[in-house]
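Architecture and fold: a report
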Amino acid sequence: MDPGRRGLGLRGSPADGSGRRSGPNQRTRGSAYSCVGRRVGRSGGELEMEGICVEKLMVVVLVGLSVVVGVVCQGEEMESSEVYIVTLKEAPAVHYYGESENLHLLPISLVEWNVSTSNRSYGSYVVRYHDSLLEKVLKGESYLKLYSYNYLINGFAVLITPQQADKLSMRREVANVVLDFSVRTATTHTPEFLGLPRGAWIQDGGPDVAGEGVVIGFIDTGIDPKHPSFSDEISVNLYPVPAHYYGACEVTRDFPSGSCNRKLIGARHFAASAITRGIFNASQDYASPFDGDGHGTHTASIAAGNYGVPVIVAGHHYGNSSGMAPRAHIAVYKALYKRFGGFAADVVAAIDQAAQDGVDIVSLSITPNRRPPGLATFFNPIDMALLSAVKVGIFVVQAAGNTGPSPKSMSSFSPWIFTVGAAAHDRIYSNSLLLGNGLTITGVGLAPGTNGDSMYTLVSPIHALQSDTTDPNNMYLGECQDSSLLNQKIVQGNLLVCSYSIRFVLGLSTIKQALQTAKNVSAVGIIFYMDPYVIGFQINPTPMIMPGMIISSPIDSKTFLSYYNNSLVRDGSSNAVKKFGGVARIFGGQIANYSSSAPKVLYYSARGPDPEDGMLDNADIMKPNIIAPGNLIWGAWSSAGADSLEFKGENFAMISGTSMAAPHVAGLAALIKQKFPSLSPSAIGSALSTTASLYNKQGGPIMAQRSYSNPDSTQTPATSFDMGSGFVNATAALDPGLIFDSSYNDFFSFLCNINGSGPVVLNYTGKSCGGVSTMNGTDLNLPSITIAKLNQSSIVMRTVTNIADNETYSVGCSAPYGVSMSVTPTRFFIASGQRQNLTIFFNAIMNSPAPSFGRIRLYGNLGHVSSVPLSVIQKITFNMTTL
């Protein structure tokens, strides 16, 4: 087959991307640059694939790509070729409910294939149809098909020119042609902070069974399979692979046979879109599920890492780690990479495969680099694939994004996705510096303190030059990156003072190199002061092998430098330093302190309202859904992890972001799924939302940081657009009493209600909006109510279902400012398994464009409390114009 004619299949063998079944119920579809394999059985809990070594197969793929490029070079359009995601009008496999009896739904050519291959699945027909369409439309032209999507969406990713994209878009079979877009990546104590050991885990039978039988799929940067957090040998109890999971484990040089086990039960990687762009390096990016970044290993351990794994970093023991659901199973779908992030075409392929493999939960600590263009943010390939995943019962968790604190900064848009923002928990690692003038300055650093009560002399490298010819403005000198520039006799036995500049944030300079410099010149310790240009970056505690500290505040850094400079004794004529008068003592930062002001929303956590459009026409969705621990989180780290250079070579790392918050919720969702296997994804989200906490450990309101610089000085009480329903309450979520449930059909009706959406909905679902009873965002039976534009009055309906014992509930509410409201009934009895309708009346009593917030609470006589946040953005009392 000429790859320039048919495209080079990259999802398996044969090249049509359909894959092969090599055992009962075993799907082995995967990226073709991974191993083409066969299942070797469940013995020992392994689900592996044997096949061509990935390095060899990568050469084949790259050769294939070069052949295509060579053909294109003879034409005129090579440099304009880009990856497009093409969706077709026919339904994907997940929306197809039959075999031969539904042939009238298929294209003529597809029916012909069915006659000759009646034993093949509908998905296989779809893949063949993709190839036939490309052959027909682009006959004689060069192109490269990267993936066929047939389970969650019906479409393919293809490398073509804009002109070829126009040809495809004009075909009656083609529904949508979208340019591929990039995406990016957005715990020893948090189980205790969330109350798991004394609450949720006890309800489930302890950490040895918490999450058992539930499979969490991670779309991330891969995993380090040798990490003890993912071993299946820690527990003596039987640990069977769930029967409903049909995934496979790639075998490559980086990910050898035996990498998967009864804990880590599946692993694949996807990089076809990255390869076509020429930015994928097999040796640096690892053409396998192995994690060369660290991010994926970290998130997987937060959600489902083993219980009781010692956290030892730089030789110091920081406690024992555990995931939220330590008995849950892990399946990895690597689609992101350290050097360049990832692309939607690869992410959609990963999601599609995870759904086919049978995961119960999908955790995405990734967000798009830009808002998807088009009719509505919901209509992008990733969100629509996730909608189909929800249809088959998969609970989808996504990080809100690290683009806060401004309003409408949300990077996770859709109501069927459970969006998680980042909050601080109560454990704090901080150390301090006592100066010779009696001032104390706090900072960060996982470092020991200086010995005893002794004070040590402060020496800056610019005043300890080895040679007079050295430029004192040399960046590497001030950042302590080159010990050869320093006079050891001046520095030894003293505290070395270094500048922490933006170069550290960019990875051009490192703490480790500065520590090595300090060691080389026999310094007793090291102090970093903040360059004034490093604003808006949170400086995490960093492991240090000697006494040390980073002064993380620019104001404190200025105070420190003033003390240091004023303490210098200089020669009156030459201005040379004659004596270093500044002294200090470092107090260690390896012992944690605990704050009573937690949780609070971190400044970087993205905020609502949902940024649907400037006119707020379809923004009746509360985002984020909830907040969870995301700051300073200990988690497993890959042996080759390079995302945080300061933890390179360590088994654990402490990092921050909404990327860390999302897997906390994914793990807690696994506990709910274990207890209530039949709950829908929306019902699981409801259990987490209605039980969320609104208060910090002091009993005061949860606060939200409002600025990058000195964020604690600008914090104010959090609103629903900062924290959603509130801070996740793990134990209460396992006994919510009432739940609000929304179905796939509800979300479908919501999409159909968006003006002009009919063709786009048909494009992605294969189902027409014709005759469908539509609903807007406020009509969705969500555990929250957001009214983007309250024009005089509005009536909103909600339905609750009782998943506990018979109970009587009373209703209380607090109205948003500028709004009057009422709820009926005010009291009701609801039997177990039964439903109750609630009607909420809203009336605007003032004109205001400012958001305001309220809450409905349902109080059960058996102790259940369901809390429903209310938000009204724009309030209009009348439409008349006053003359």
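For the structure, check the block above.
Conventions used here
- Residues numbered from 1 in each chain as written.
- Predicted model: local features only at pLDDT ≥ 70, side-chain atom pairs only at ≥ 80, totals over all residues.
- Heavy atoms only, no water.
- Salt bridge = Lys/Arg side-chain N within 4 Å of Asp/Glu carboxyl O.
- Helix = DSSP H or I, 4+ residues; strand = E, 2+ residues; numbered from the N terminus.
- Buried < 20%, exposed > 50% of the residue type's maximum accessible area, 1.4 Å probe, protein only.
- Disulfide = S-S within 2.5 Å.
- Patch = residues over 30% accessible without salt bridge, like charges linked within 9 Å, V, L, I, M, F, W, Y side chains within 5 Å.
- Areas by Shrake-Rupley, 256 points an atom, 1.4 Å probe, with all protein chains shown as cover.
- 1 Å grid on protein atoms, 1.4 Å probe; cavity = no way out; pocket = protein on both sides within 12 Å on 5 of 7 lines; lining within 4 Å.
- Points joined across faces, edges and corners; volume = space filled by probe spheres on them.
- Nonpolar A, V, L, I, M, F, W, Y, C, P; charged D, E, K, R; others polar.
- Phe/Tyr/Trp six-rings, centres within 6.5 Å; stacked < 30°, edge-to-face > 60°.
- Axes fitted to C-alpha atoms, helices over the stretch in contact; angles between N-to-C directions.
- Parallel < 35°, antiparallel > 145°, perpendicular 65-115°, else oblique.
- Contact = heavy atoms within 4.5 Å.
- Core = buried A, V, L, I, M, F, W, Y, C linked by side-chain atoms within 4.5 Å.

Between side chains of opposite charge, a pair can form when the charged atoms approach closely. Summed over all chains, the structure comprises 13 salt bridges. Residues joined by salt bridges that share partners form a network here, namely Arg607, Arg706 and Asp722.

Here we take up unusual backbone geometry. In this structure, the amide linkage connecting Gly404 to the following residue, Pro405, adopts the cis form with an omega of 5°. Here Pro405 lies in the loop between β15 (395-399) and β16 (418-424). The step from Lys623 to Pro624 runs through a cis peptide bond, and the omega angle for that step is -5°. With respect to the helices and strands, the residue Pro624 is situated in the loop between β28 (600-601) and β29 (626-629). In this structure, Gln792 is a non-glycine residue whose phi angle is positive, near 70°. Within the secondary structure layout, Gln792 lies in the loop between β35 (785-791) and β36 (793-802). Judged by its relative accessible area of 37%, Gln792 falls in the partly exposed class.

Before going further, it helps to examine the state of the cysteines. Linking two cysteines covalently via their sulfur atoms produces the bond known as a disulfide. A full pass over the atoms with the stated rule returns three disulfides. In this model Cys480 forms its disulfide with Cys498; the gap between the sulfur atoms is 2.1 Å. An S-S torsion of about -100° defines the bridge between Cys480 and Cys498 as left-handed. Here Cys480 is found in the loop between α13 (475-478) and α14 (488-491), whereas its partner Cys498 is found in strand β21 (residues 495-500), with 18 residues between them in sequence. Accessibility classification places Cys480 together with Cys498 in one group, the buried group. Each bonded cysteine of the protein is numbered by sequence order, and under that numbering the disulfide pairs are 1-2, 3-4, 5-6.

Okay, a nonpolar patch on the surface next. Taken together, the side chains of Ile502, Val505, Leu506 and Leu508 present a nonpolar region at the surface, about 330 Å² in accessible area. Among the structural elements, Val505 can be located in helix α15 (residues 502-505).

Of the voids in this model, the largest cavity is the one considered here, and its volume is about 230 Å³. Taken together, 23 residues make up the lining of the largest cavity; nearest its centre are Pro415, Phe418, Asn625, Ser682 and Leu782. Among the elements that take part in the lining of the largest cavity, helix α19 (residues 681-690) stands out by supplying five residues, more than any other. Within the lining of the largest cavity, the residues separate by chemical class into 14 nonpolar, nine polar and no charged. The calculated volume of the second largest cavity comes to roughly 60 Å³. Along its surface, the second largest cavity is lined by Phe181, Val183, Ile366, Thr367, Pro368, Asn380, Ile382, Asp383, Gln398, Ser411, Ser412 and Phe413. Those elements that provide at least two residues to the lining of the second largest cavity are β14 (366-368) and α12 (381-391). The biggest single contributor to the lining of the second largest cavity is β14, with three residues. For the lining of the second largest cavity, the class distribution of residues is six nonpolar, five polar and one charged.

Enumeration over the complete set of coordinates arrives at 20 aromatic pairs. Look at Phe340 and Phe343: their rings are 6.1 Å apart centre to centre, the planes differ by 20°, and that puts the pair in the stacked class. Comparing Phe340 with Phe343, the two get one shared label, buried. Taking the centre distance of 6.3 Å and the plane angle of 55° together, the rings of Phe378 and Trp416 count as tilted. Within this pair, whereas Phe378 is found in the loop between β14 and α12, its partner Trp416 is found in the loop between β15 and β16, the two being separated by 38 residues in sequence.

Closest axis-to-axis distance for the helix α11 (residues 344-357)/α12 pair is 9 Å, and the angle between their directions is 5°. When the axes of α11 and α12 are compared, the pair comes out roughly parallel. Facing Ala344, Val347, Val348 and Ile351 of α11, the residues of α12 in contact are Pro381, Ile382, Ala385 and Leu386. Split by residue class, the contact of α11 with α12 holds eight nonpolar, no polar and no charged.

Counting residues in each nonpolar core, the largest one holds 75 residues, and the members touching the most others are Ile216, Ile330, Ile361, Trp634, Ile672 and Leu688. Tallying contributions element by element places helix α18 (residues 658-675) first for this core, with ten residues. Once you skip the residues sitting within four places of it in the chain, Ile361 turns out to touch Val214, Val215, Ile216, Gly217, Ile394, Phe395, Val397, Ala666, Ala669 and Ala670. Ile351, Ile366, Met775 and Leu782 belong to the second-largest nonpolar core, a separate cluster that totals 68 residues.

Read these as geometric descriptors, not functional statements.
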